[in-house]
Structures are given as structure tokens and as C-alpha cells.
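Chain by chain, the residues:
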Amino acid sequence: MPDIDTRPTVVDIEHYGGDTLSLHVTIDPLVEAGRTWTAQVRSRPASPKLDASFDIYPDSTGAFVVLSGESCLKLARRRKYVGYWDLQLADVHGGDLVTTLAYGKLTIHPDVTRVEAQ
């Protein structure tokens, strides 16, 4: 009997605080099918507190999934941040059609250089 594993792709990310984190996700348009993209960061997968949200910029082949430099800097402002992230597609009308495309550990290392507004 074959095994079936329906978990999403594991993508652990190591990133540098203060830099914009930009990922491009390629997906078959039939899988996307007009659903809403959501990507979030939390300190633990089951944490009720949302630490950050990615901005999503859909394009003809999928979407750019972007965590702003400001968000990255905030997460690692005191020390190295270790949390978890995932990326989902969900039914626009709140139905049960949810597909998590990727998830994993997110580590953001503190930045050294600070750009000050003049």
C-alpha cells in the first residue's frame, strides 16, 4: 500500500535583518484559481500572536512573497529571531478550499548597518 504525504514543501529560511526578504513562488494557474494568498510569521506554529505578515504581489506565473526590510529589522531588533512561516492559498469566500504551499523555520540575523533618514 503506498504512503501519501500531503504536507507542503518545507522551506527553512535564513535571512539578514533589515534586508527585504523577497521570494518568487511559481504555481500552475489552475491551482491558484483566483484564491487569496496569505503568508505569516509566528514565534511558534500555534502561537495566537502574529509577528509579521508578508506582502503578496501576484503575477502571471505565481506571486512575489515579500517580507519588508522594516519587518525583518523589527523581528531581529534585539537578537536573532527564530520563528515559523507558511504560505497559503484560500478560497476568496472563506470556504474550505485551503492549500498550504510551503512552510518552515524562519531565522533572521540582526543587522549591523542602520540607514538613517537625513
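Keep in mind the model is a prediction, meaning the values are calculated, not measured.

1. Quick word on the overall build of the chain
Each helix and strand counted, the chain has 2 helices and 9 strands in total. Starting at the N terminus and walking to the C terminus, you meet the elements of the chain as β-β-β-α-β-β-β-β-α-β-β. With respect to the three principal axes, the spread of C-alpha positions in the chain is 55 × 35 × 25 Å. A total of 118 residues make up the chain; the buried ones form 31% of that total. The contacts in the chain between residues at least 6 apart in sequence include a share of 67% that link residues at least 24 apart. Separation between the mean location of the 12 positive side-chain charges and that of the 16 negative ones in the chain comes to 12 Å.

2. What about the sheet that holds strand β7 (residues 62-67)?
Pairing within the open sheet is antiparallel, and its 3 strands lie in the order β3-β7-β6. Two strands close off the open sheet at either side, each with one partner strand: β3 (21-26) and β6 (55-59). Direction aside, the axes of adjacent strands within the sheet are offset by 20° on average. Note: β3 against β7, 6 bridges, orientation antiparallel. Following the sheet pairing, histidine 24 is matched in β7 by phenylalanine 64.

3. With respect to the pattern of salt bridges
Side chains bearing opposite charge may pair, as long as their charged atoms lie close to each other. Tallied over the full model, the rule gives 2 salt bridges. One salt bridge in this structure joins arginine 7 and aspartate 5, with 2.6 Å as the shortest N-O distance. Grouping residues by exposure puts arginine 7 and aspartate 5 together as exposed. Note that aspartate 51 and lysine 49 form a salt bridge whose closest N and O atoms lie 3.0 Å from each other. For aspartate 51, a relative accessible area of 16% translates into the label buried.

What counts, and where the lines are drawn
All residue numbers refer to positions counted from 1 along the written sequence of the respective chain. It should be noted that, the model being predicted, local features are given only for residues of pLDDT at least 70 and side-chain atom pairs only at 80 or more, the latter also being counted only at that level, while totals for whole chains, interfaces and linings use all residues. As a convention, hydrogens and water are excluded, and side-chain values are obtained from all of the structure's heavy atoms. Comment: elements are numbered from the N terminus, with helices defined as DSSP H or I runs of at least four residues and strands as E runs of at least two. When accessible area is computed with a 1.4 Å probe and restricted to protein chains, residues below 20% of their type maximum are described as buried, those above 50% as exposed, and intermediate ones as partly exposed. Whether two residues are in contact is decided by their heavy atoms, any of which lying within 4.5 Å being enough. When charges are counted, Lys and Arg are positive and Asp and Glu negative, with His and the chain ends excluded. Every charge is mapped onto a representative atom, which is NZ of Lys, CZ of Arg, CG of Asp or CD of Glu. The pairing criterion is simple: DSSP has to find at least two bridges between the two strands. Axes, fitted as lines to C-alpha atoms, cover a helix only where it is in contact. Angles between the N-to-C directions of the axes lie from 0 to 180 degrees. Salt bridge criterion: a side-chain nitrogen from Lys or Arg within 4 Å of a carboxyl oxygen from Asp or Glu.

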